[in-house]
There are 2 protein chains.
Amino acid sequence: MVLAKSSAPSRDRIVAGAADLISRRGLNAASIREVAKHAKAPLGSTYHYFPEGKQQLATEAVRYAGTAVAGILRQELHAGPVAGLRAFLGLWRGIVVDSDFRAGCPVLAVSVEEPPADETPPALVAATKAFQEWERLLVETLRAHGADAEQAPGLAALIVASVEGAIAMSRAERSMRPLDQVAGQLEALIVGAVGRPD
Amino acid sequence: MVLAKSSAPSRDRIVAGAADLISRRGLNAASIREVAKHAKAPLGSTYHYFPEGKQQLATEAVRYAGTAVAGILRQELHAGPVAGLRAFLGLWRGIVVDSDFRAGCPVLAVSVEEPPADETPPALVAATKAFQEWERLLVETLRAHGADAEQAPGLAALIVASVEGAIAMSRAERSMRPLDQVAGQLEALIVGAVGRPD
DNA sequence: CTCTGGCTATAACGATCGTCATAGTCTAGC
DNA sequence: GCTAGACTATGACGATCGTTATAGCCAGAG
């Protein structure tokens, strides 16, 4: 699983495990005790490594997932926007399938839970940055491959939004149909956007 | 009176309040106590009206939201797919804006939380049905307005997925940018799908 | 060797969770 | 008015939550 390697040092295992657990259960329902057990680390260690508690752990988990996905996306986009899209979709597809539709995107999971009080918690800020970074990478490559410069941001937003939504729909339906249907639509859209001679 | 009269709008208020709270906090983090308070109903009443507990309440909340959205969608689609899309988007836009980015889609919220054990809880089944019903309504209208019959399901899936994803992204970013960008993309796609002469 | 400091082990704190039981209130039908 | 049944009020149960405190282990520096 891309978001949860299991042989790194303790601290990293905790972060990766938190990302995985958050993607499954949601932010509020992912308990620190479960994260620790999931990462084969003692509960005390989580507060040793993350003295600011759950908020810090959640923030690092979101950043970890966001950065990992961005890295894969950046690398695969070198082969063009369609290849990047396929890698992006294949990544999520693998997570959903390998978990038997139980895991999804931790960034989305954090995004759909109400922040406390009237301040934006750092985990939500990290989620925003992750989404925007993915969009930015897509925009860059779309433009570099001939897509209309003004239309690229809209298409990138559509890609990220529809993939995130489709992941959730596929989990609910316990079927890859939504994700695969969206994949087909997006691929055609990208081809049309970069290949069209005006 | 045994069946007919379930008295005051108390029960309905609880269901609607549960849908709202679930959309804000997520399924696991939306407690029955908060739902009761939010609906100005006593805690005991929730177990009186929903003897199967939280699972039943969540299921009815998802069905309620799914049906309400489907009703609006069905009505507005009579004026065509673009009008339907605008109503769909406007509905969610209102929920997000009016709640100051705190509320979203309860169907999505239920979809992104891991089911217990190895069986599918009824709330998740209800979520699947809600998504599929929205897609079905879109497919019908797209076809009725001249969209390619084979392409309509893919476009409908893309619409639902991207709107759901964009709602979450807008909540995270505390900005309507993602939802508005997706709106523009989808509108152009629908126009192209129904209006294009081959 | 001692000693230090990063890590772990264990237990507890108050709070809140889902759920249930019991008793009380109210109202509709006789 | 009386009674049955729909609803409410109240409080408790075991479990689990985030968090903290305290003591113990154990490698490496001196």
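Throughout, residues of each chain are indexed from 1 in the direction in which the sequence is written. Written order decides the labels, with chains lettered from A and ligands numbered from 1. In keeping with the model being predicted, local features are shown solely for residues with a pLDDT of at least 70 and side-chain atom pairs are shown and tallied solely at 80 or more, while totals for entire chains, interfaces and linings include all residues. With hydrogens and water set aside, each side-chain value is computed from the structure's full complement of heavy atoms.

### Details of the packing of aromatic side chains
In this scheme Phe, Tyr and Trp rings, the latter by its six-membered ring, pair at centre separations within 6.5 Å, and the angle between planes marks the pair as stacked below 30 degrees, edge-to-face above 60, and tilted otherwise. Inspection of every chain in the model, using the stated rule, returns ten aromatic pairs over all chains. Aromatic rings pair up to connect A:Phe88, A:Trp92, A:Phe131 and A:Trp134 into one cluster.

### Things to note about the pattern of salt bridges
Salt bridges are defined as contacts in which a side-chain nitrogen from Lys or Arg sits within 4 Å of a carboxyl oxygen from Asp or Glu. Following the criterion strictly, the structure yields 28 salt bridges over all chains and no others. Across the pair B:Glu114 and A:Arg102 runs a salt bridge whose closest N-O atoms are separated by 3.2 Å. Taken together, the positions of B:Glu114 in the loop between α6 (106–111) and α7 (122–144) and A:Arg102 in the loop between α5 (81–98) and α6 (106–111) put the pair across two chains. Just as B:Glu114 is buried, A:Arg102 falls in that class too. Across the pair B:Arg24 and B:Asp20 runs a salt bridge, and its minimum N-O distance is 3.0 Å. Under the scheme used here, helices are H or I runs from DSSP no shorter than 4 residues and strands are E runs no shorter than 2 residues, and both carry numbers assigned from the N terminus. Here's how the labels work: a residue is buried when its accessible area is under 20% of the maximum for its type, exposed when over 50%, partly exposed in between, all with a 1.4 Å probe on protein chains only.

### A look at the packing of helix α4 (residues 54–77) of chain A against helix α7 (residues 122–144) of chain A
Residues and elements named next belong to chain A. Note on geometry: axes are lines fitted to C-alpha atoms, helical ones only across the stretch in contact, with angles between N-to-C directions running from 0 to 180 degrees. The N-to-C vectors of α4 and α7 enclose an angle of 5°; their axes lie 8 Å apart at closest approach. In terms of axis orientation, α4 runs roughly parallel to α7. The segment α4 lies against α7, with Gln-55, Ala-58, Thr-59, Val-62, Arg-63, Ala-65, Gly-66, Val-69, Ala-70, Leu-73, Arg-74 and Leu-77 engaging Pro-122, Ala-123, Ala-126, Ala-127, Ala-130, Glu-133, Trp-134, Arg-136, Leu-137, Leu-138 and Thr-141. Tallied by class, the residues present in the contact of α4 with α7 amount to 15 nonpolar, four polar and four charged. Any angle that is under 35 degrees is reported as roughly parallel, and any over 145 degrees as roughly antiparallel; angles of 65 to 115 degrees are reported as roughly perpendicular and all others as oblique. By the convention used here, residues are in contact when the closest approach between their heavy atoms is within 4.5 Å. Amino acids are sorted into nonpolar (Ala, Val, Leu, Ile, Met, Phe, Trp, Tyr, Cys and Pro), charged (Asp, Glu, Lys and Arg) and polar (every other residue, Gly among them).

### Brief notes about the interface of chain A and chain B
Each side of the interface is counted separately: chain A has 44 residues, and chain B has 44 residues. Accessible-area loss on putting two parts together, using a 1.4 Å probe and summing over both, is the definition of buried area adopted here. Interface area for chain A against chain B, summed over the two sides, is near 3800 Å², with a carbon-plus-sulfur share of 59%. Viewed at the interface, chain B and chain A are joined by eight salt bridges. Any N or O atom pair separated by 3.5 Å or less is treated as a polar contact, with the protein-specific requirement of one donor-capable and one acceptor-capable atom, and with residues adjacent in sequence counted only for side-chain atom pairs. At the boundary of chain A with chain B, the tally comes to 17 residue pairs in polar contact (both at pLDDT 80 or more). For the side of chain A that touches chain B, the elements supplying multiple residues, two or more each, are α1 (10–25), α6, α7, α8 (152–173) and α9 (177–195) of chain A. For the side of chain A that touches chain B, the element with the highest residue contribution is α8(A), accounting for 16 residues. In the side of chain A that touches chain B, the residues fall into 21 nonpolar, twelve polar and eleven charged.

### Observations regarding the relation of the copies chain A and chain B
Each copy is superposed on the other by least squares, with the fit set by C-alpha atoms of residues at a pLDDT of at least 70 in both. With an RMSD of 0.1 Å, the fit of chain A onto chain B corresponds to turning through 180° and sliding 0.0 Å along the axis. Taken together, the turn and the small shift mark the pair as related by a two-fold rotation axis. Relative to the rotation axis, the closest C-alpha in chain A is found at A:Ser162, a distance of 1.7 Å. Same-surface contact between copies: 100% of interface residues of chain A are shared with the interface of chain B.

### A closer look at unusual backbone geometry
The backbone of A:Asp100 shows a phi angle near 55°, a positive value even though the residue is not glycine. Structurally, the position occupied by A:Asp100 is in the loop between α5 and α6. With a relative accessible area of 38%, A:Asp100 lands in the partly exposed category. The phi dihedral of B:Phe101 is positive, around 70°, even though this residue is not glycine. Taking the relative accessible area as the measure of exposure, B:Phe101 reaches 14% and is therefore buried.

### With respect to the confidence of the model for chain A
With 94% of its residues at a pLDDT of 70 or more, chain A has an overall mean of 93. Confidence of the predictor at the level of single residues is given by pLDDT, which spans 0 to 100. Note that pLDDT drops below 50 for residues 1–8 of chain A; the model gives that stretch 21 contacts with residues more than four away or on any other chain.

### Quick look at the protein's contact with DNA strand C
Nearness here has a simple test: a residue counts as near a molecule or strand if at least one of its heavy atoms is within 4 Å of that partner. Around DNA strand C sit 13 residues, and of these A:Ser45, B:Ser31, B:Arg33, B:Tyr47 and B:Lys54 come closest. Here a base nitrogen of DNA strand C and a side-chain polar atom of A:Arg33 are 3.3 Å apart. Looking at the surface near DNA strand C, the elements that each hand over two or more residues are α3 (43–49) of chain A together with α2 (32–38) and α3 (43–49) of chain B. Counting residues per element, the surface near DNA strand C draws most heavily on α3(A), which supplies three residues. The residue inventory of the surface near DNA strand C, partitioned by class, reads six nonpolar, four polar and three charged.

### Focus: α8(A)
Residue and element names in this part refer to chain A. Helix span is expected to be 1.5 Å times the residue number reduced by one. With 22 residues, α8 should reach 32 Å at 1.5 Å per residue; the first-to-last C-alpha distance of 31 Å fits that figure. Of all 22 residues that make up α8, 21 are buried, and the element is covered over most of its length. Looking one or two residues beyond α8, the residue adopting positive phi is Arg-174, at roughly 55°.

### Some words on empty space enclosed by the protein
Residues and elements named next belong to chain B. Put simply, the grid is 1 Å and covers the protein atoms alone, a cavity is a trapped set of points that fit a 1.4 Å probe, a pocket is an open set with protein on both sides within 12 Å along at least five of seven lines, and lining residues have an atom within 4 Å of a point. Grid points are joined across faces, edges and corners, and a volume is the space filled by probe spheres set on the points. Applying the stated criterion across every chain yields a total of three cavities of 30 Å³ or more. For the largest cavity, the full set of lining residues is Ala-18, Ile-22, Leu-27, Ala-30, Ile-32, Val-35, Lys-54, Leu-57 and Ala-58. Broken down by secondary-structure element, the contributors of at least two residues to the lining of the largest cavity are α1 (10–25), α2 and α4 (54–77). For the lining of the largest cavity, the residue count by class is eight nonpolar, no polar and one charged.

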